[in-house]
Amino acid sequence: MQSPPAQALVELAQHYDIVPHFHNLDGQLKQASTETLLVLLQRLGVDMKGPDDAGARLQEALHQASQRPVEPVNVCWQPDPPHIELNLQWLNGARAVSITLELENGDRRSLVVEPSAAATRSGGDRVLIELPALPLGRHRAIVEIPRAAASTWLLCAPRTAFAPRPACFGLFAPTYALRKEGPGTGTFTDLGALVDWAANHGAHFVGTLPLLPTYLNENFDPSPYSPISRLFWNDFYLDLGQIAQAQGCHSVQSLLSGYQQLDQQQAQSPERLIDYRPLAEQRHRILLELSRDFFLRDSSEREDFQRFVSERPDVERYARFRAVMTKHQGYFRQWPPALLASLSNTSDLDRAEFDCHRYAQFRTHQQLSVVASQAKARNCGLYLDLPIGTHPNGYDAWYHDNAFVPNASAGAPPDPFFDGGQDWGFAPLHPQAIRKEGYAYVQACLRHHMQMADILRIDHVMGLHRIYCIPSGMPGSAGAYIRFHKDELYALVALESARLGCTVVGEDLGTVPPEVRENMNDHGLLRMYVGQFSIHNHRPALQPPPARSLASLNTHDMPPFAAFAQGLDIDDRVALGSLTSEQAKHEHAQRAQLITALRDDLECAGADDSTLLAGILKRLAASQAPYLLVALEDLWLETAAQNVPGTQFERPNWRRRAALSLSTLERQPGIMALLSSLTRPNATS
């Protein structure tokens, strides 16, 4: 048995935002090992060779903190007056302090204050300086006294996020799965068609999986929760045939015809699975041809393109990254120094590839913007999804590397389902580094999504508080939590939500500390409620959702309702080897009891699955939850899951096309009647 870490090491870890112990699902206190704390401190940039260095490093860290003129970030909750706190020791008796406020919009304001007239904080070590009223935003304050200067970020934000609109229901479908009138893979155009169809049937929002770029050619990984970047859109969803420029380009028309034939051949297979690689390769050829044609012509759109890239300088960097990766394959961490250097030197790139990726981002922004505008016009907004992490070898990991903890993975500690813990494969955010930069990267991710979304789901919302961090080379059970300055992250979420008019839903499923949900409520974030997790063997068999929640029957990581009702997910776990036949018999019996209790509660004993589904959705529609999200595939009792957690190649995750098109659904009177019944009475928000 390992001895507990020395007290100095524990205190040093806490100073650098590492949580040295936590309670597991059983309520047992789990202490991080000496090795875990040491390695994580090193990963966070603390210069120490062994645990014996902890005492000296702790004294240094405490001394530096005592000398810090001002915290890197100050939260200014509106309508309270904005302020900053200055270190009295640093002020060193200065009679006047000059403050320059650099506002987010580029404006500058200057003022001089007398510290002696300001309020001293409890403890007497800091002085509170009130500032003039400031607009919402992420601003910068530069503080100067004779022979010294310091700066801090000011997050001027409302206390709560944008309020939800009450009593709405929406439809959910992965964009890739959407069926055209003929067979094919879903595009932004199909997402727009779903918005129109949903609005026509009384829905007020349409949800989908993350629309971010993934590796579909090189370094294949189609998971929408392992994106190359959280700052760009996936050009796989471009409707190439709807680009007006393509109509007059004969070479593009020939390539497009070949692509459509390939897409249709795939869609006609009984499994309805997408084979991404050949489709992505053919699409890239078309985009290369479109890009060449676009930059050769003096079209009226060139001005729009120049404006697009000038407003988003990161597009050029992203295009360089993708161009080098397309040409040289492999992950950037494996590239030689000369190749890495070419990422910052356009002259060393394949210019056609570079232009192609710039062009593709221009077109994706155009098409998704049309869908978002169309959704707002139809009073049926987009519900988008912001993943908790990014691909460990993606663009964000390369360009924003300082924002992440190096050589570490985010995950989850051991629990009854994963006794070895979970390693999610992406690096967690670095708590001190993102704070030092005023959360620029986090703000960019939020803004990227909220500019298109009416509702944004934040994956693993506990990540605003803390995240489980596993040092590379160590098992999932050997991690520890690192914590963030939650008030600052909530301020950023509320800020972007309020000014972009986007409601925020936090994914709080599973075991979540009470303080997380308390903070979500305080700052106006909605919770998630999942019906399949909320069925019990007593009345009411279906627990009602909380008043401030988005209610759904399941999620993309769960079996569809029909599979759940029939216990098909239990059989699949037997096939995967994660459940024995004897265990499966027990689980089938328990599931049957739950379904029987549910039928009795809804007064539909003996009815088929369609009637049971309708009863559940109507019950949820009549609840106090302001939002109800209905999976499109549940309407026709789909039994195949879009994703089976814990599998990679064992199941065709993120690849299944929908079985029915929207026009086919129109011819299903039972489904149409169910949708009509979901037009909701007023609910409490």
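Not measured: the values here are computed from a predicted model.

Chemist: Just to check I follow, could you spell out helix H10 (residues 314-328) for this structure?
Modeler: Because an α-helix completes one turn every 3.6 residues, residues spaced three or four positions apart along the sequence face the same direction. In this model H10 runs 21 Å from its N-terminal to its C-terminal C-alpha over 15 residues, within 8% of the 21 Å that 1.5 Å per residue would give. The element H10 is largely enclosed, with a buried count of eleven among its 15 residues. Considered for burial, the residues of H10 that qualify are Asp314, Val315, Tyr318, Ala319, Arg320, Phe321, Arg322, Ala323, Val324, Met325 and Thr326. On its buried face, H10 sits against helix H8 (276-296), helix H9 (301-311), helix H11 (337-341), helix H12 (351-377) and helix H13 (395-399). Downstream of H10 by one or two residues, glutamine 329 has phi in the positive range, about 60°.

Chemist: Help me understand the pattern of salt bridges, please; the structure alone is not making it clear to me.
Modeler: Close approach of charged atoms allows side chains of opposite charge to pair. Throughout the structure, instances matching the rule amount to 36 salt bridges. Note that glutamate 104 and arginine 447 form a salt bridge whose closest N and O atoms lie 3.5 Å from each other. In this pair, glutamate 104 sits in the loop between strand E6 (97-102) and strand E7 (108-113) while arginine 447 sits in helix H15 (residues 440-450), placing the two residues 343 residues apart along the sequence. For glutamate 104, a relative accessible area of 31% puts it in the partly exposed group. Residue class for arginine 447 comes out partly exposed when judged on its relative accessible area of 27%. Residues lysine 585 and glutamate 582 are paired through a salt bridge, measuring 3.5 Å at the closest nitrogen-oxygen approach. Here lysine 585 pairs with glutamate 582, and both are found in helix H20 (residues 581-601), just three residues apart, close to one helical turn. The residues lysine 585 and glutamate 582 share a single accessibility class, namely exposed.

Chemist: Could you clarify how one ought to interpret the sheet that holds strand E23 (residues 627-631) in this entry?
Modeler: Strands in a sheet are paired, the pairing made by backbone hydrogen bonds, and the direction either parallel or antiparallel. Sheet architecture is open: eight strands sit in the order E20-E17-E14-E13-E12-E23-E22-E21, paired in parallel fashion. Whereas interior strands pair on both sides, the edge strands pair on one side only; in this sheet they are strand E20 (503-506) and strand E21 (527-530). Strand-to-strand, the axes of this sheet are offset by a mean angle of 25°, without reference to chain direction. Where strand E14 (residues 381-386) and strand E17 (residues 455-458) come together, four bridges link them in parallel fashion. Residue tyrosine 383 lies in a different strand from E17, and its bridge partner there is isoleucine 455.

Chemist: Any chance you could explain the sheet that holds strand E4 (residues 73-78) here in plain terms?
Modeler: The strand order across the open sheet formed by five strands is E4-E11-E10-E6-E7, and the pairing between neighbours is mixed. The open sheet is flanked by E4 and E7, the only strands paired with a single partner. Shown here is a sheet whose adjacent strand axes are inclined to one another by a mean of 25°, direction ignored. The pairing of E6 with strand E10 (residues 137-145) spans five bridges and is antiparallel. Bridge assignment links serine 98 to a residue of E10, and that residue is glutamate 144. Across the sheet, helix H16 (residues 486-500) lies against E4, E10 and strand E11 (148-158), angled at about 55° from E11, the strand it touches most.

Chemist: What is the right way to look at the side chain of histidine 201 in this model?
Modeler: You can see histidine 201 is positioned in the loop between helix H5 (188-200) and strand E13 (205-207). Assessed through its relative accessible area of 19%, histidine 201 is described here as buried. Only 2.7 Å separates the side chain of histidine 201 from the side chain of glutamate 666, close enough to count as a polar contact. Once residues lying within four places of it in the same chain are set aside, the contact partners of histidine 201 are Phe169, Glu666, Met672 and Leu675.

Chemist: Is there a simple way to explain the pairing of strand E5 (residues 83-87) in this structure?
Modeler: Remember that side chains alternate between the two faces of the sheet whenever the strand is regular. Counting buried positions along E5 gives four out of five residues, so the element sits mostly inside the fold. Bridging between E5 and strand E9 (residues 126-130) involves five bridges; their strand directions are antiparallel. Residue pairing in the sheet places leucine 86 in a bridge with valine 127 of E9.

Chemist: Would you take a moment to explain the packing of helix H7 (residues 250-267) against H8 for this structure?
Modeler: Between H7 and H8, whose axes approach to 10 Å, the crossing angle comes to 165°. Between H7 and H8, the crossing angle belongs to the class labelled roughly antiparallel. The chirality of how H7 crosses H8 is left-handed. From H7, Ser251, Val252, Leu255, Leu256, Gly258, Tyr259, Leu262, Asp263 and Gln266 reach across to H8, where they touch Pro278, Leu279, Gln282, Arg283, Arg285, Ile286, Glu289 and Leu290. Residues belonging to the contact of H7 with H8 are distributed by class as follows: nine nonpolar, four polar and four charged.

What counts as what
- Residues numbered from 1 in each chain as written.
- Predicted model: local features only at pLDDT ≥ 70, side-chain atom pairs only at ≥ 80, totals over all residues.
- Heavy atoms only, no water.
- Helix = DSSP H or I, 4+ residues; strand = E, 2+ residues; numbered from the N terminus.
- Expected span 1.5 Å × (residues − 1).
- Buried < 20%, exposed > 50% of the residue type's maximum accessible area, 1.4 Å probe, protein only.
- Contact = heavy atoms within 4.5 Å.
- Salt bridge = Lys/Arg side-chain N within 4 Å of Asp/Glu carboxyl O.
- Pairing = 2+ DSSP bridges.
- Axes fitted to C-alpha atoms, helices over the stretch in contact; angles between N-to-C directions.
- Polar contact = N/O pair within 3.5 Å; in protein donor to acceptor, adjacent residues only side chain to side chain.
- Parallel < 35°, antiparallel > 145°, perpendicular 65-115°, else oblique.
- Left-handed = near helix turned anticlockwise from the far one by under 90°.
- Nonpolar A, V, L, I, M, F, W, Y, C, P; charged D, E, K, R; others polar.

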